[in-house]
Amino acid sequence: GYHRLFSHASFNTFRPVRWLIALMGVLAGQGPVIQWVAVHRKHHAMSDREGDPHSPRHGFWWSHIQWFLPRLSRDTVQSLHKRYAPDLLRDPVLRFFEKTFLLWHWALGFGLFAVGYFCWDVRTAWSLVVYGIFVRLVMGLHSTWFVNSATHVWGYRNYETHDDSRNLWWVAL
C-alpha cells in the first residue's frame, strides 16, 4: 500500500480502504505514511546520487538502517513533506496517522497484553507482546530495509540503469 498506492498511485480505491491500508502500514512499523512516501519519492528523484536519503554509496549499513536513525528538524520534515508528498498532506486522516504513529503501537501492545492476560495468563500476555510487537517489527523492518541495502549491492540486472538497483531472489521472498 505505501509503495503502490500512496507513493506511485498505481491503483486507486475508496477512502476507507486507503485509510485501512495506511493503518496497516503504520502497524507494520514502516513509519507514518506521509514521511515514508516523501522519503521514497525523494529516493526515486535522486536514486543513488547525492541527496538520496538511503543510497548504498554511503555504505551498506547507512542504506540498511543508519539513514533511518538521524533526527530531522521539524522544518526539514515539513519541507520534505511539502515537496514530495503534497497530495497526501491534503488528507486529514493521513495527517492524523502521521501525528499518532507511536500511539498505535502502544495501543496494539496493550491490546495484545490484555488478550493474553484475560484469556490465559501473564506469561502468555508478555509472550504476545514480545512476539506480536518486538520480534515482528525486527523481522519485518530488516526484511524491508534489505530492499534499500542488499538489492543495491548484490544481485543481477536485466538492463543497465543509472542507479545501483538489482534483482535479488532472497529479498524478493
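That block above? That's the structure.
Residues numbered from 1 in each chain as written. Predicted model: local features only at pLDDT ≥ 70, side-chain atom pairs only at ≥ 80, totals over all residues. Heavy atoms only, no water.

## Things to note about the side chain of Ser 63
Cut-off, in case you're wondering: Where helices and strands are cited, they refer to DSSP runs of H or I of at least four residues and of E of at least two residues respectively, numbered from the N terminus. Note on definitions: a residue-residue contact is assigned when non-hydrogen atoms from the two residues lie within 4.5 Å.
The residue Ser 63 is located in helix H4 (residues 60-64) in this model. With residues up to four places along the chain from it excluded, the contact list for Ser 63 reads His 54, Ser 55, Pro 56, Trp 145, Asn 148 and Ser 149.

## Focus on the nonpolar core
Nonpolar side chains in soluble globular proteins tend to be buried together. Where we set the bar: Residue types Ala, Val, Leu, Ile, Met, Phe, Trp, Tyr and Cys, when buried and joined through side-chain atoms within 4.5 Å, form a set referred to as a nonpolar core. Under the scheme applied here, a residue whose accessible area is under 20% of the maximum for its type counts as buried, over 50% as exposed, and between as partly exposed, the area being computed with a 1.4 Å probe on protein chains only.
Core analysis: the biggest nonpolar cluster contains 25 residues, and Phe 6, Val 33, Leu 88 and Leu 94 have the highest contact counts within it. Going through the elements one at a time, helix H1 (2-7), helix H2 (15-27), helix H3 (33-45), helix H5 (74-84), helix H7 (92-99) and helix H9 (122-148) are the ones with two or more residues in this core. Beyond its immediate stretch of four places on either side in the chain, Phe 6 contacts Gly 1, Arg 18, Ile 21, Ala 22, Val 33, Val 37, Arg 41, Leu 88 and Leu 94.

## Observations regarding a positive patch on the surface
Stated precisely, the cut-off is as follows: To count toward a patch, a residue needs a relative accessible area over 30% and no salt bridge; like charges are then connected within 9 Å, while nonpolar side chains (Val, Leu, Ile, Met, Phe, Trp, Tyr) are connected within 5 Å. Areas reported here follow the Shrake-Rupley algorithm with a probe of radius 1.4 Å; residue values treat only the protein chains shown as occluding. We count a salt bridge whenever a side-chain nitrogen from Lys or Arg sits within 4 Å of a carboxyl oxygen from Asp or Glu. Charge convention: Lys and Arg are scored as positive, Asp and Glu as negative, and His as well as the terminal groups of each chain are ignored. The atoms used to mark charge sites are NZ of Lys, CZ of Arg, CG of Asp and CD of Glu.
A contiguous patch of positive charge on the surface is contributed by Arg 71, Arg 74, Arg 95 and Lys 99. The residue Arg 71 is located in the loop between H4 and H5 in this model. Here Arg 71 falls in the exposed class, since its relative accessible area comes to 81%.

## Here we look at H5
For clarity, the cut-off: Starting at the helix axis, one direction is taken to each C-beta atom, and the arc is that of these directions.
For H5, the set of buried residues is Leu 80, His 81 and Tyr 84. Considered in projection along H5, the buried side chains sweep an arc of 95° and stay on one side of the axis. For H5, the exposed residues set more than 90 degrees away from the buried face come down to Arg 74, Asp 75, Lys 82 and Arg 83. For H5, the secondary structure elements touched by its buried residues are H3, helix H6 (86-89) and H7.

## Quick word on the side chain of Gln 35
Within the secondary structure layout, Gln 35 lies in helix H3. Excluding residues within four positions of it along the chain, Gln 35 makes contact with Leu 72, Val 77, Leu 80, His 81 and Glu 98.

## Considerations on the environment of Thr 13
If you trace the backbone, Thr 13 turns up in the loop between H1 and H2. With sequence-adjacent residues up to four places away left out, Thr 13 is seen in contact with Leu 5 and Arg 18.

## Some remarks on the packing of aromatic side chains
Cut-off, in case you're wondering: Paired rings are identified among Phe, Tyr and Trp, the last through its six-membered ring, by centres lying within 6.5 Å, and are further divided according to the angle between planes into stacked (under 30 degrees), edge-to-face (over 60) and tilted (the rest).
Applying the stated criterion across every chain yields a total of 14 aromatic pairs. Taking 5.5 Å as the distance between ring centres and 75° as the angle between the ring planes, the aromatic pair formed by Phe 97 and Trp 104 counts as edge-to-face. Judged by its relative accessible area of 6%, Phe 97 is buried. Clustering of aromatic rings is evident, with ring pairs tying together Phe 113, Tyr 117, Phe 118 and Trp 126.

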